[in-house]
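Spelled out from the first residue to the last, the chains are:
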Amino acid sequence: MLPIDTNISLEWMQALRNEFESPYFSMILTLLHHSEGKIIYPPKDLIFNAYKAVPPKNVKVVILGQDPYHNQGEAMGLSFSVPKGIKIPPSLKNIYKELASDVGCTIPFHGDLTYWTRQGVLLLNAILTVEQNKPGSHKNIGWQQFTDATIQYLSYHHTHITFMLWGNFAKSKRYLIDDTKHLILEAAHPSPLARNAFQGCKHFSEANTYLKAHHKQEIDWQIS
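From a predicted model like this one, the values you see are computed outputs, not experimental measurements.

The rules behind these values
- Residues numbered from 1 in each chain as written.
- Predicted model: local features only at pLDDT ≥ 70, side-chain atom pairs only at ≥ 80, totals over all residues.
- Heavy atoms only, no water.
- Helix = DSSP H or I, 4+ residues; strand = E, 2+ residues; numbered from the N terminus.
- Buried < 20%, exposed > 50% of the residue type's maximum accessible area, 1.4 Å probe, protein only.
- Polar contact = N/O pair within 3.5 Å; in protein donor to acceptor, adjacent residues only side chain to side chain.
- Core = buried A, V, L, I, M, F, W, Y, C linked by side-chain atoms within 4.5 Å.
- Contact = heavy atoms within 4.5 Å.
- Axes fitted to C-alpha atoms, helices over the stretch in contact; angles between N-to-C directions.
- Parallel < 35°, antiparallel > 145°, perpendicular 65-115°, else oblique.
- Nonpolar A, V, L, I, M, F, W, Y, C, P; charged D, E, K, R; others polar.
- Expected span 1.5 Å × (residues − 1).
- Pairing = 2+ DSSP bridges.

## Topic: the side chain of H110
Now for step 1: Examined against the element boundaries, H110 turns out to sit in the loop between α5 (90–103) and α6 (114–117).
Now for step 2: Here H110 falls in the buried class, since its relative accessible area comes to 13%.
Now for step 3: Polar side-chain contacts of H110 include one of 3.1 Å to the backbone nitrogen of D112.
Now for step 4: A polar atom in the side chain of H110 sits 2.8 Å from the backbone oxygen of S224.

## What about the nonpolar core?
Now for step 1: Membership of the largest hydrophobic core comes to 65 residues, with the highest contact counts inside it found for F48, I63, W116, W143, F146 and W221.
Now for step 2: Top element by residues in this core is helix α7 (residues 143–157). It accounts for six residues.
Now for step 3: Ignoring anything within four residues of it in the chain, the contact list for W116 reads I63, I95, L99, V121, L123, F204, D220, W221 and I223.

## Quick look at the packing of α5 against helix α9 (residues 203–213)
Now for step 1: Closest axis-to-axis distance for the α5/α9 pair is 8 Å, and the angle between their directions is 55°. By the criterion of interaxial angle, the relationship of α5 to α9 is oblique. Contacts between α5 and α9 involve I95, E98, L99, D102 and V103 on the former and, on the latter, H203, F204 and S205.
Now for step 2: Grouping the constituent residues of the contact of α5 with α9 by class yields four nonpolar, two polar and two charged.

## Some points on α5
Now for step 1: In a regular helix each residue adds 1.5 Å, so 14 residues correspond to 20 Å; α5 covers 20 Å between its end C-alpha atoms and thus fits that length.
Now for step 2: All of the buried residues in α5 are S91, L92, N94, I95, Y96, E98, L99 and D102.
Now for step 3: Just past α5, the residue G104 takes up positive phi, approximately 75°.

## A word on the pairing of strand β3 (residues 121–125)
Now for step 1: With five of five residues buried, β3 lies mostly within the body of the structure.
Now for step 2: A two-sided burial pattern is seen for β3, the buried positions comprising V121, L123 and N125 on one face and L122 and L124 on the other.
Now for step 3: Pairing of strand β2 (residues 61–65) with β3 involves five bridges; the strand directions are parallel. Bridge pairing links G65 to N125 in β3.

So this is what it looks like as structure tokens:
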């Protein structure tokens, strides 16, 4: 029995079986299990939320984040997404601005991106946990090996997925993806620190054009 709630599809369990059975993954679980006195985000039942939401065969788009939000109530296991009722983070505000200018979306009043996952958008953080108020605190505990394996599996076993890589960290994962089989879109990070360099990337319309060209249902990017 895993000390955290994976509860992901049998397809993911089989796809990543070698990772789940590896010594490094056992070390991740041990570290999380012995984190008494520390507050870890997201809650243990949401650590694998991205995997629960989208089985491999349904993945059309991957939006790669770095690590979860580290403030109380924000992290929900989906990159860039926060639960309804939580203030929309600055990076997500800029994503919404780009959606409005690129594909005409109305900017929503909440930051819950679950609707995208139902259509095959894998909102994957490269690092799946973080200690409260300590961004990057779990960057070296082994999660990147696990999520790198996830990206490689999707690249090798599937075709015509759009990978959105925003910022230098995400761009560093490009080598994991076969660009003869998939569309790789790169842009600045949507953080305000990038001084609006993300704006105008048009990744959302490009992803839909690519999906349509390969006879796949386009993503409805409008968050209600």
